[in-house]
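# Results of the structural survey
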Amino acid sequence: MTVRITPSILNADFSRLDEEIARVADVSDLIHLDIMDNIFVPNFTFDFDKAAKIIENCPIPVDSHLMVIEPEKAAPRFAEMGSASVTYHFEAAINHRQIIEDVHGLGSRVGIALKPGTALSVLDDYIGLIDMILIMTVEPGFGGQSFMNEMLEKVRQARKRLGVNDRGVWLQVDGGISPSTIEVATEAGADTFVAGSAVYKAEDPAKMVTLLRELATQR
Ligand code: DX5
Ligand code: ZN
């Protein structure tokens, strides 16, 4: 299975983001951009203008994770800005088919994220239409929280549903991913890993990305 490491810049130094991204770009698959609106989650990251600049300047593809209300409006905008992948929260959306169609129409992959309390079965009608499932392994909103082991069962179920699929649906985990948790997440079936504080608190962020990739690559 192809492994993807997608560092989250949430815990990077926001005053010099281009440099922070450059530190990991060569060894990472995508940069994970956390968008928080202070409504869906109690925190705010970037407005549309700032996000557009980050995406434009990013030397590798961007994986936008929208923790915002009204993804019907926001998701197409992030596709238009050039995100390779746009993930919205199931809990925030009303019209899933519309979002999926709009994002695809703009040429981006589309993912649906599930908070820890949301069952995988909510995706029954949409699993065949999307390109990524994001299983949150912490409550969304903050970096640096502990990985929730009890989410591994949901990852296993998701892998079972997807199989080793040839349609290329990615199975992402986000929250508390580090050298001590990435192996269990891999064994449960995840193939795409967000890591924020593990990468940016490391002395050498690029080395950490490489280590995470090694640990996630099944022997
Ligand atoms: C949390 C964000 C994550 C966050 C992960 O709501 O979606 O992407 O940056 O940070 P760590 O890896 O520190 O848990
Ligand atoms: Zn995220």
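Residues numbered from 1 in each chain as written. Chains lettered and ligands numbered in written order. Predicted model: local features only at pLDDT ≥ 70, side-chain atom pairs only at ≥ 80, totals over all residues. Heavy atoms only, no water.

## Some thoughts on the coordination of the zinc ion (ligand 2)
In this structure, H32 (NE2), D34 (OD), H65 (ND1) and D174 (OD) serve as the protein donors to the zinc ion (ligand 2), at separations of 2.1 to 2.2 Å. Its six donor atoms give the zinc ion (ligand 2) angles of 72 to 170 degrees at the centre, a pattern that matches the octahedral case. Sequence spacing among the residues donating to the zinc ion (ligand 2) works out to H-x1-D-x30-H-x108-D. Remark: H65 occurs in strand β3 (residues 62-67) and D34 occurs in strand β2 (residues 31-36); sequence separation between them is 31 residues. When its relative accessible area of 6% is taken as the criterion, D34 is described as buried. (Donors = N, O, S within 2.8 Å, 3.2 Å for Na, K, Ca; no water. Tetrahedral: all angles 85-135°; square planar, octahedral: opposite > 155°, others 65-115°. Helix = DSSP H or I, 4+ residues; strand = E, 2+ residues; numbered from the N terminus. Buried < 20%, exposed > 50% of the residue type's maximum accessible area, 1.4 Å probe, protein only.)

## Focus on the packing of aromatic side chains
Scanning the model with the defined rule gives two aromatic pairs in all. Taking 4.7 Å as the distance between ring centres and 35 degrees as the angle between the ring planes, the aromatic pair formed by F14 and F46 counts as tilted. In this pair, F14 sits in the loop between β1 (4-7) and α1 (17-25) while F46 sits in the loop between β2 and α2 (48-57), placing the two residues 32 residues apart along the sequence. Accessibility expressed as a relative area gives 7% for F46, which makes it buried. Ring geometry for F48 and F78: centres 5.7 Å apart, planes at 45 degrees, overall tilted. In this pair, F48 is assigned in helix α2 and F78 in helix α3 (residues 71-80), connecting sequence segments 30 residues apart. Taking relative accessible area as the criterion, F78 reaches 2% and is therefore assigned buried. Taking NZ or CZ as reference, R77 lies 3.6 Å from the ring centre of F48, over its face. (Phe/Tyr/Trp six-rings, centres within 6.5 Å; stacked < 30°, edge-to-face > 60°. Lys NZ or Arg CZ within 6 Å of the ring centre and 35° of its normal.)

## A few points about the pattern of salt bridges
Taken as a whole, this structure holds 10 salt bridges when the rule is applied. Residue E20 is joined to R16 by a salt bridge in which the shortest nitrogen-to-oxygen separation is 3.5 Å. A network of salt bridges, in which partner residues are shared, links D13, R16, E19, E20 and R23. (Salt bridge = Lys/Arg side-chain N within 4 Å of Asp/Glu carboxyl O.)

## A look at the layout of surface pockets
What the largest pocket holds in volume is close to 250 Å³. Taken together, 25 residues line the largest pocket, and the ones lying closest to its centre are F142, G143, G144, D174 and G175. Taken together, the residues that form the lining of the largest pocket break down as 11 nonpolar, 12 polar and two charged. Size it by volume and the second largest pocket reaches roughly 190 Å³. What lines the second largest pocket is a set of 15 residues, and nearest its centre among them are I35, D37, F48, V68 and A74. When residues of the lining of the second largest pocket are traced back to their parent elements, those giving at least two are β2 and α3. Top contributing element to the lining of the second largest pocket by residue count: α3, with three residues. (1 Å grid on protein atoms, 1.4 Å probe; cavity = no way out; pocket = protein on both sides within 12 Å on 5 of 7 lines; lining within 4 Å. Points joined across faces, edges and corners; volume = space filled by probe spheres on them. Nonpolar A, V, L, I, M, F, W, Y, C, P; charged D, E, K, R; others polar.)

## Description of the nonpolar core
Ranked by size, the top nonpolar core spans 68 residues in total, and within it I9, L33, I133, I135 and F193 carry the most contacts. A total of five residues in this core trace back to one element, the largest contributor, which is helix α8 (residues 205-216). Those residues in contact with F193 that lie beyond four places of it in its chain are V3, R4, I5, T6, V173, I177, I182, A185, T186 and A216. Core analysis: the second largest hydrophobic core is formed by six residues, L10, M36, F40 and M67 among them. (Core = buried A, V, L, I, M, F, W, Y, C linked by side-chain atoms within 4.5 Å. Contact = heavy atoms within 4.5 Å.)

## Let's talk about the pairing of strand β6 (residues 132-136)
Regular strands place their side chains on alternate faces of the sheet. The element β6 is largely enclosed, with a buried count of five among its five residues. Alternating residues of β6 divide into M132, L134 and M136 and I133 and I135, and every residue in both groups is buried. Here four bridges tie strand β5 (residues 109-114) to β6, and the two strands are oriented parallel to one another. When the bridges of β6 are listed, I112 appears paired with I133. Alignment of β6 against strand β7 (residues 170-174), held across five bridges, turns out to be parallel. Directly across from L134, in β7, lies its bridge partner Q172. (Pairing = 2+ DSSP bridges.)

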